[in-house]
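Secondary and tertiary structure notes
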Amino acid sequence: DAKTTQPPSMDCAEGRAANLPCNHSTISGNEYVYWYRQIHSQGPQYIIHGLKNNETNEMASLIITEDRKSSTLILPHATLRDTAVYYCIVSPSGSARQLTFGSGTQLTVLP
Amino acid sequence: DGGITQSPKYLFRKEGQNVTLSCEQNLNHDAMYWYRQDPGQGLRLIYYSQIVNDFQKGDIAEGYSVSREKKESFPLTVTSAQKNPTAFYLCASSSLLFGNTEAFFGQGTRLTVV
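Below is a summary of the structure that appears in this document. (Residues numbered from 1 in each chain as written. Chains lettered and ligands numbered in written order. Predicted model: local features only at pLDDT ≥ 70, side-chain atom pairs only at ≥ 80, totals over all residues. Heavy atoms only, no water.)

**Concerning the interface of chain A and chain B**
Residue-level contacts link 18 residues of chain A with 22 residues of chain B. Our count for the chain A to chain B interface comes out at 0 salt bridges. In this assembly, chain A and chain B are joined by 5 residue pairs in polar contact (both at pLDDT 80 or more). Elements with a minimum of two residues in the side of chain A that touches chain B: strand S3 (32-38) and strand S4 (45-50) of chain A. The element that contributes the greatest number of residues to the side of chain A that touches chain B is S3 of chain A, accounting for 3 residues. Tallied by class, the residues present in the side of chain A that touches chain B amount to 8 nonpolar, 9 polar and 1 charged. (Contact = heavy atoms within 4.5 Å. Salt bridge = Lys/Arg side-chain N within 4 Å of Asp/Glu carboxyl O. Polar contact = N/O pair within 3.5 Å; in protein donor to acceptor, adjacent residues only side chain to side chain. Helix = DSSP H or I, 4+ residues; strand = E, 2+ residues; numbered from the N terminus. Nonpolar A, V, L, I, M, F, W, Y, C, P; charged D, E, K, R; others polar.)

In structure tokens form, the structure reads like this:
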């Protein structure tokens, strides 16, 4: 059973904020929400993670609902280079052994 | 620069031949992993290793073999027993220390068997 649900694709205009949703209604209390992205024909890249508080770093912001059943990754000013597949993953740690990459969301940033 | 390096980026082999994909990391990570990715799909775990001279099968280990003779290196051999070897192969590493926050991936090797 998939632990996360993401839309298969989204478009965003260059310079606008990209808001990528993720549902994880069966998340356990000890599981973090991780986001990775994969640009075509490259390896996945870590973006951000959080437990229950909202998080921000130089790449993105992560908003987690109070009940932790869903989250949103926000790219504040999307560029063409942000076109990629974005994966939302729930895991008790950042170890690759425990990261399950599903199909993700294909984000296309349009000029 | 610290990182994880896979080589080659593209590899072509004839059907029935074994082929070995290289993965090297200088991040001093204990754990290393091999994944397979097919078009439009997520990543599937082939093998992983948490310590030198020890490794474990992942979800799709049949037709593959690995070795971990050095901490820095985790080569993957795709054998002739793998029925559908054409795919994008990704190597990753991560720390096993408490509080580890991310896994690092190589740039991948695209294997085409003709």
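**Some points on the packing of aromatic side chains**
Counted by the stated rule, this structure contains 10 aromatic pairs over all chains. Ring plane angle 80° and centroid distance 6.2 Å describe the contact between Tyr36 of chain A and Phe105 of chain B, whose orientation is recorded as edge-to-face. Linking Tyr36 of chain A in strand S3 with Phe105 of chain B in strand S10 (residues 104-105), this pair reaches from one chain into another. Each member of the pair, Tyr36 of chain A together with Phe105 of chain B, is buried. Centroid distance Phe101 of chain A to Phe105 of chain B: 5.6 Å. Interplanar angle 85°. Geometry classified as edge-to-face. (Phe/Tyr/Trp six-rings, centres within 6.5 Å; stacked < 30°, edge-to-face > 60°. Buried < 20%, exposed > 50% of the residue type's maximum accessible area, 1.4 Å probe, protein only.)

**Notes on the sheet that holds strand S8 (residues 84-91) of chain A**
Residues and elements named next belong to chain A. Here we have 5 strands laid out as an open sheet, ordered S1-S9-S8-S3-S4, and mixed in their pairing. Two strands lie at the open edges of the sheet, namely strand S1 (9-13) and S4, each paired on one side alone. On average, each strand axis in the sheet is inclined to that of its neighbour by 25°, with strand direction left out of account. Across 3 bridges, the pairing between S8 and strand S9 (residues 105-110) is antiparallel. Considered in S9, the bridge of Ala84 is made with Leu107. (Pairing = 2+ DSSP bridges. Axes fitted to C-alpha atoms, helices over the stretch in contact; angles between N-to-C directions.)

**Things to note about the pairing of strand S2 (residues 18-23) of chain A**
Residues and elements named next belong to chain A. The two faces of S2 differ: Ala18, Leu20 and Cys22 on one face are buried, but Asn19, Pro21 and Asn23 on the other face are not. As judged from the 6 bridges shared by S2 and strand S7 (residues 70-75), these two strands associate in the antiparallel manner. Its bridge partner being in S7, Asn19 is matched across the sheet by Ile74.

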